[in-house]
Amino acid sequence: MSLKGKRIGFGLTGSHCTYDEVFPEIEKLVNEGAEVIPIVTSTVQNTETRFGKGDDWVERIEKLTGNHVVDTIVKAEPLGPKLPLDCMVIAPLTGNSMSKMANALTDSPVLMAAKATMRNHRPVVVAISTNDALGLNGVNLMRLMAAKDIYFVPYGQDNPTGKPSSMVARMSMIRDTIISALEREQIQPVIVERFKDDLA
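Described in the following lines is the structure provided in the data block. As the structure is a prediction and not an experimental result, all values here were calculated from the model.

Glancing now at the pattern of salt bridges. In this structure the tally under the stated criterion is 10 salt bridges. In this structure, Glu-25 engages Lys-28 in a salt bridge whose closest nitrogen and oxygen atoms are separated by 3.1 Å. Of this pair, Glu-25 and Lys-28 both sit in helix α1 (residues 19-31), separated by 3 residues, roughly a single helical turn. Taking the relative accessible area as the measure of exposure, Glu-25 reaches 7% and is therefore buried. Judged by its relative accessible area of 40%, Lys-28 is partly exposed. In the salt-bridge network here, residues are joined through shared partners; they are Glu-32, Arg-175 and Asp-176.

Written out as structure tokens, the structure reads:
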């Protein structure tokens, strides 16, 4: 399946350390001819970290996609009834946003876009990046794993020794996961070695 002509929402939440892995994947979608609609949380917009400034990330994703960011809940709501997406991606999906999503809380443009997409029974692809996937947030992870219309980019422990509860998606598999999700299949395996190429 080609993604040419597909309308894909791409939501960013506040795992700033993963953006450098995510942006090349957005570029791949654009180069394949998908229309990518960028959606950001206030954390993305307003936070300055050692990984960069919010304004710079917003400017970069707008330039990459050719579209202005959806940055309010009001702007995100029409992505359900009036301007439907073929697929919604959230990459990275933080533990904070994951817990809200699993409990039907819609307090950001990204979560509203996901809710609007699920309203239309279109696929929502999530790429987690959370320090507590194997901790208190594990129940929320499993709740989403069992939910209809939600598909996971394969994920694994990124630092089992230093952060044993942390799990991060293999961002390089975002496109393949989208393809499978559009065919209503969860790409397998879901649980992978996060840095398989680095293993001895």
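Once the structure has been displayed, the description carries forward.
This brings us to helix α7 (residues 138-145). Every buried residue of α7 is accounted for by Gly-138, Asn-140, Leu-141 and Leu-144. Along α7, the residues classed as buried sweep out an arc of 165° about the axis, all on the same side. Tucked inside the fold, the buried residues of α7 contact β5 (87-94), α5 (95-102), β6 (124-130), β7 (150-152) and β8 (155-157).

For the rest of this paragraph, the subject is the environment of Val-153. By secondary structure assignment, the location of Val-153 is in the loop between β7 and β8. Between the C-alpha atoms of Val-153 and Val-126, which are 27 residues apart in sequence, the distance is 6.1 Å. The residues contacting Val-153, other than those within four sequence positions of it, are Val-125, Val-126, Ala-127, Ala-169, Arg-170, Met-173, Ile-174 and Thr-177.

A word on the pairing of strand β2 (residues 35-40). Taking burial as the measure, the 6 residues of β2 include 5 buried ones, the bulk of the element. Pairing analysis gives 6 bridges linking strand β1 (residues 7-12) to β2, with the strands arranged parallel. By the bridge assignment, Ile-8 is partnered in β2 with Val-36. One crossover worth recording links β1 to the parallel β2 by way of α1, and it is right-handed.

Mapped onto the elements, Thr-130 comes out in strand β6. You can call Thr-130 buried: its relative accessible area is 4%. Within the structure, the side chain of Thr-130 is placed 2.6 Å from the side chain of Asp-132, a separation counted as a polar contact. Those residues in contact with Thr-130 that lie beyond four places of it in its chain are Thr-94, Gly-95, Met-98, Asn-137, Ser-165, Ser-166 and Met-167.

Looking now at the nonpolar core. In terms of nonpolar packing, the biggest core is built from 61 residues, with Phe-10, Met-88, Val-89, Met-101, Phe-152 and Ile-178 touching the most fellow members. Of all the elements, β5 adds the most residues to this core, at 6 residues.

At a minimum axis distance of 9 Å, the contact between α5 and α7 shows a crossing angle of 55°. Judged by the angle between their axes, α5 and α7 are oblique. Here α5 and α7 pass one another in a crossing that is left-handed. Across the interface between the two elements, Met-98, Ser-99, Met-101 and Ala-102 of α5 pack against Asn-140, Leu-141, Arg-143 and Leu-144 of α7. Of the residues contributing to the contact of α5 with α7, the split by class is 5 nonpolar, 2 polar and 1 charged.

Next up on the list: the packing of α5 against helix α6 (residues 109-119). Running from N to C, α5 and α6 point in directions that differ by 40°, and their axes come no closer than 11 Å. Where α5 crosses over α6, the two elements pack in a sense that is right-handed. In this structure, α5 contributes Ser-97, Lys-100 and Met-101 to the contact, and α6 contributes Leu-111, Ala-114 and Met-118. Here the residues of the contact of α5 with α6 sort into 4 nonpolar, 1 polar and 1 charged.

Here is what the cut-offs are and how they apply
Residues numbered from 1 in each chain as written. Predicted model: local features only at pLDDT ≥ 70, side-chain atom pairs only at ≥ 80, totals over all residues. Heavy atoms only, no water. Salt bridge = Lys/Arg side-chain N within 4 Å of Asp/Glu carboxyl O. Helix = DSSP H or I, 4+ residues; strand = E, 2+ residues; numbered from the N terminus. Buried < 20%, exposed > 50% of the residue type's maximum accessible area, 1.4 Å probe, protein only. Arc of directions from axis to C-beta. Contact = heavy atoms within 4.5 Å. Pairing = 2+ DSSP bridges. Right-handed = clockwise from strand over helix to strand, strands pointing away. Polar contact = N/O pair within 3.5 Å; in protein donor to acceptor, adjacent residues only side chain to side chain. Core = buried A, V, L, I, M, F, W, Y, C linked by side-chain atoms within 4.5 Å. Axes fitted to C-alpha atoms, helices over the stretch in contact; angles between N-to-C directions. Parallel < 35°, antiparallel > 145°, perpendicular 65-115°, else oblique. Left-handed = near helix turned anticlockwise from the far one by under 90°. Nonpolar A, V, L, I, M, F, W, Y, C, P; charged D, E, K, R; others polar.

Read these as layout, nothing more, since geometry by itself doesn't imply function.
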